[in-house]
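Fold and contact review
So you can see what is in the structure, the chains are spelled out below.
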Amino acid sequence: AAEPLEALVERGDADACCQLAELYRSGAWQKRDLLRVQTLLSRAAELGRAQARVHAAVQLRDGVGVPADPPAVFQLLERCARDGLVDGMYELALC
């Protein structure tokens, strides 16, 4: 199931990045890999998927798969808030 998604990720498909991140997060396809989840969410965010930016920021805040990075979290969530993403505004308010 994930092999075609990997190919789409390589071609820069933000939706595929998010779908594959969920497979790695859940362990439904392979062993859980939270570093890969963070990498995929960050890529999706770079490709314009705003909700992925929120999820990547929350993982960074909580140190899930990567070391916590408060300045990066603030920057990501501030951008979400500027873009009008309510989830990002909420998470920013919690910082």
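Anything mentioned here points back to the structure above.
Keep in mind that what you see is a predicted model, and the values were worked out from it rather than measured. (Residues numbered from 1 in each chain as written. Predicted model: local features only at pLDDT ≥ 70, side-chain atom pairs only at ≥ 80, totals over all residues. Heavy atoms only, no water.)

**Examining the state of the cysteines**
Under the definition given, this model contains 0 disulfides. Note on Cys80: no disulfide assigned, nearest cysteine sulfur contributed by Cys95 at a separation of 11 Å. Residue class for Cys80 comes out buried when judged on its relative accessible area of 0%. Under the relative-accessibility criterion, Cys95 is labelled exposed at 51%. (Disulfide = S-S within 2.5 Å. Buried < 20%, exposed > 50% of the residue type's maximum accessible area, 1.4 Å probe, protein only.)

**Side note on the pattern of salt bridges**
By the definition in use, this model includes 7 salt bridges. A salt bridge links Asp62 to Arg61; its shortest N-O distance comes to 2.9 Å. For Arg61, the salt bridge is made with Glu91, and the minimal N-O distance between the two is 2.5 Å. With Arg61 in helix 4 (residues 50–62) and Glu91 in helix 6 (residues 86–94), the pair connects residues that are 30 residues apart, well separated along the chain. (Salt bridge = Lys/Arg side-chain N within 4 Å of Asp/Glu carboxyl O. Helix = DSSP H or I, 4+ residues; strand = E, 2+ residues; numbered from the N terminus.)

**Side note on helix 4**
Between its terminal C-alpha atoms helix 4 stretches 19 Å, which fits the 18 Å expected from 13 residues at 1.5 Å a residue. Among all positions in helix 4, only Ala52, Arg53, Val54, Ala56, Ala57, Val58, Gln59 and Leu60 are buried. Taken together, the buried residues of helix 4 touch helix 2 (14–26), helix 3 (34–46), helix 5 (70–82) and helix 6. Backbone geometry just downstream of helix 4 places Gly63 in the positive-phi region, at approximately 65 degrees. (Expected span 1.5 Å × (residues − 1). Contact = heavy atoms within 4.5 Å.)

**Describing the packing of helix 4 against helix 6**
Relative orientation of the contacting elements helix 4 and helix 6 amounts to 20 degrees, with a least axis distance of 9 Å. By the angle between their directions, the pair helix 4 and helix 6 is classed as roughly parallel. Every pair of crossing elements has a handedness; the one defined by helix 4 and helix 6 is left-handed. Side by side, helix 4 and helix 6 meet where Gln51, Val54, Val58 and Arg61 of the first sit next to Asp87, Gly88 and Glu91 of the second. (Axes fitted to C-alpha atoms, helices over the stretch in contact; angles between N-to-C directions. Parallel < 35°, antiparallel > 145°, perpendicular 65-115°, else oblique. Left-handed = near helix turned anticlockwise from the far one by under 90°.)

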